[in-house]
Structure formats: structure tokens, C-alpha cells
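Below are the chains, spelled out letter by letter.
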Amino acid sequence: MTSAQPLPILCYPDPRLHTVARPVEAVDARIRELAERMFATMYEANGIGLAATQVDVHERLIVIDVSEERDQPQVLINPQIEWASEETRKGEEGCLSVPGIYDGVERSVAIRVRALDLSGAERSIEAEGMLAVCIQHEMDHLMGKVFVEYLSLLKRNRIKSKLLKAQREAERD
């Protein structure tokens with residue numbers, strides 16, 4: 001486990017979550033430290049993925065660890081989906097920026113992604129199952145999209161109201 005300081009996570013409907021992330025210019029010490037702090041944030045919040053957008057850094061960086069043991073961290077810098085299966089599956093998703101809300105989202109069951117790692121080397125990752133879903137979910141964040149936007153307007157408005165009410169109550173305490 002890392003000793004890095006966790007970062008605050010933006011909560012939906014914060015408008016900053018809709019910012020489209022720009023490419024990372026250089027994989028340097030600043031990006032490596034950001035990735036370390038993002039892992040600390042994700043692990044502390046019991047998440048399996050986190051996009052830089054969620055911690056108010058609008059660059060194309062994702063951290064993921066879908067392992068049970070929390071010992072298989074992956075960093076994707078400037079990720080691009082090269083291929084996605086036509087076969088899709090609707091699965092229950094949650095999000096650290098939308099606490100306590102889970103709903104079904106349709107995703108490709110398998111994908112291939114090209115990205116840079118923390119050394120700046122380009123790699124290609126073939127993913128299926130939970131890892132494929134997680135990568136697609138986090139890449140949506142980099143495009144300024146939150147998973148609740150796949151839901152009906154009625155559901156989105158209910159979620160927005162519920163989270164805004166919870167935020168107001170937390171501010172009063």
C-alpha cells in the first residue's frame with residue numbers, strides 16, 4: 001500500500017465531471033505522483049478504477065485494480081480503444097463520483113486498448129469481463145461522461161436530487 005495522500009473525489013452533479021480531459025504531454029515525475037495519489041484515493045474509497053477527471057485533474061490518466069487482493073494496479077495514460085466486441089452485456093455499475101448508486105449499463109464484453117504506462121512505454125491490453133467494463137467506465141470519465149448519463153432522464157434527475165440533498169446535509173453537519 002502506498003503512503004501517498006488521497007485526493008478529494010468530485011461528486012455528481014459537479015460540472016467539472018463533464019470536462020473532456022486533454023492528453024498527457026509527458027510521463028514525468030508529476031504524472032507518476034498523480035497516479036500514486038490516485039491509487040491511494042481509489043483504495044481508500046474501495047474503488048476498482050479512478051480517472052483523473054474525478055479528482056479534478058483534466059488529463060487522460062486512469063488507475064485500475066480489479067483484483068480481489070488489491071495487488072494488480074494498472075495505469076493507463078492517454079488510453080484509446082482500438083477494438084471493442086460487438087457483443088455487449090448489461091451489468092451493474094457504480095462510481096466513486098456517484099456514491100451509493102448502482103444501475104445497469106450496456107458495455108462491450110471485450111476490448112483492446114492502447115495506452116502508455118508509467119515508464120512512458122506504449123502497451124496494448126486485451127481485456128474482458130470486469131476489467132473491460134472498468135476501462136470503458138473510466139474512459140467515459142475522460143470524455144466528460146458519468147455512467148448515470150446512460151440512464152433515463154427520470155432516473156438521472158432522481159439521482160441528482162438524492163446526491164444534492166446528501167451533500168447539503170453533509171455540509172450542515
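Refer to the structure presented above.
For clarity, every value in this text was computed on a predicted model and none was experimentally measured.

Turning our eyes to something else, we now look at the overall build of the chain. The secondary structure content of the chain amounts to 3 helices and 7 strands. Mapped in sequence order, the helices and strands of the chain form the string α-β-β-β-β-β-β-β-α-α. In terms of overall size, the chain behaves like a compact globule, its C-alpha atoms giving a radius of gyration of 16 Å where 173 residues would be expected to give roughly 16 Å. Per-residue burial over the chain gives 45% buried out of 173 residues. Taking the contacts inside the chain whose residues are at least 6 apart along the sequence as the reference set, 65% of them involve residues at least 24 apart. In the structure as shown, the chain presents an accessible area of about 9,400 Å², 49% of it carried by carbon and sulfur atoms. Each charge sign in the chain was given a centre, from 22 positive and 29 negative side chains, and these centres are 7 Å apart.

Take a nonpolar patch on the surface next. A cluster of nonpolar side chains, Ile48, Val66 and Met130, forms an exposed patch at the surface whose accessible area comes to about 230 Å². Summarising the element assignment, Val66 is placed in the loop between strand S2 (61–64) and strand S3 (74–84).

The next thing to look at is the nonpolar core. Counting residues in each nonpolar core, the largest one holds 17 residues, and the members touching the most others are Met38, Leu50, Leu61, Val63 and Val75. If one sorts the elements of this core by residue count, helix H1 (residues 29–44) sits on top with 7 residues. Counting residues in each nonpolar core, the second largest holds 16 residues, with Ile62, Ile64, Ala115 and Leu142 among its members.

Before going further, it helps to spend a moment on the packing of aromatic side chains. As enumerated under the stated definition, the model contains 1 aromatic pair in all. With a centroid separation of 5.8 Å and an interplanar angle of 20 degrees, the aromatic rings of Phe39 and Tyr43 are classed as stacked. Of this pair, Phe39 and Tyr43 both sit in helix H1, 4 residues apart, roughly one helical turn. Accessibility assignment for this pair places Phe39 and Tyr43 in one class, buried. Cation over ring: Lys145 sits above Tyr150, and NZ or CZ is 3.9 Å from the ring centre.

This brings us to the sheet that holds S3. Spatial strand order, S1-S2-S3-S6-S7: 5 strands in an open sheet with antiparallel pairing. Each edge of the open sheet carries a strand with a single partner, namely strand S1 (49–51) and strand S7 (122–128). Each adjacent strand pair in this sheet contributes to an overall mean axis angle of 40 degrees, direction not counted. Of the pairings in the sheet, the one linking S2 to S3 comprises 4 bridges and is antiparallel in character. Its bridge partner lying in S3, Ile64 is registered against Gln74. Helix-sheet contacts for H1 involve S1, S2 and S3, and the interaxial angle to S2 is about 40 degrees.

Quick look at the pairing of S3 now. The side chains of a regular strand alternate between both faces of the sheet. In this structure, S3 lies alongside strand S6 (residues 110–116), joined through 5 bridges in antiparallel fashion. When the sheet's bridge partners are listed, Trp83 is paired in S6 with Arg112.

When the terminal C-alpha atoms of H1 are compared, their 22 Å separation across 16 residues agrees well with the 22 Å that a helix rising 1.5 Å per residue should span. On its buried face, H1 sits against S1, S2 and S3. Positive phi appears at Asn46, one or two residues downstream of H1, with a value of about 60 degrees.

Thresholds applied
Residues numbered from 1 in each chain as written. Predicted model: local features only at pLDDT ≥ 70, side-chain atom pairs only at ≥ 80, totals over all residues. Heavy atoms only, no water. Helix = DSSP H or I, 4+ residues; strand = E, 2+ residues; numbered from the N terminus. Rg over C-alpha atoms; globule rule 2.2 N^0.38 Å. Buried < 20%, exposed > 50% of the residue type's maximum accessible area, 1.4 Å probe, protein only. Contact = heavy atoms within 4.5 Å. Areas by Shrake-Rupley, 256 points an atom, 1.4 Å probe, with all protein chains shown as cover. Lys, Arg positive; Asp, Glu negative; His and termini not counted. Charge placed at Lys NZ, Arg CZ, Asp CG, Glu CD. Patch = residues over 30% accessible without salt bridge, like charges linked within 9 Å, V, L, I, M, F, W, Y side chains within 5 Å. Salt bridge = Lys/Arg side-chain N within 4 Å of Asp/Glu carboxyl O. Core = buried A, V, L, I, M, F, W, Y, C linked by side-chain atoms within 4.5 Å. Phe/Tyr/Trp six-rings, centres within 6.5 Å; stacked < 30°, edge-to-face > 60°. Lys NZ or Arg CZ within 6 Å of the ring centre and 35° of its normal. Pairing = 2+ DSSP bridges. Axes fitted to C-alpha atoms, helices over the stretch in contact; angles between N-to-C directions. Expected span 1.5 Å × (residues − 1).

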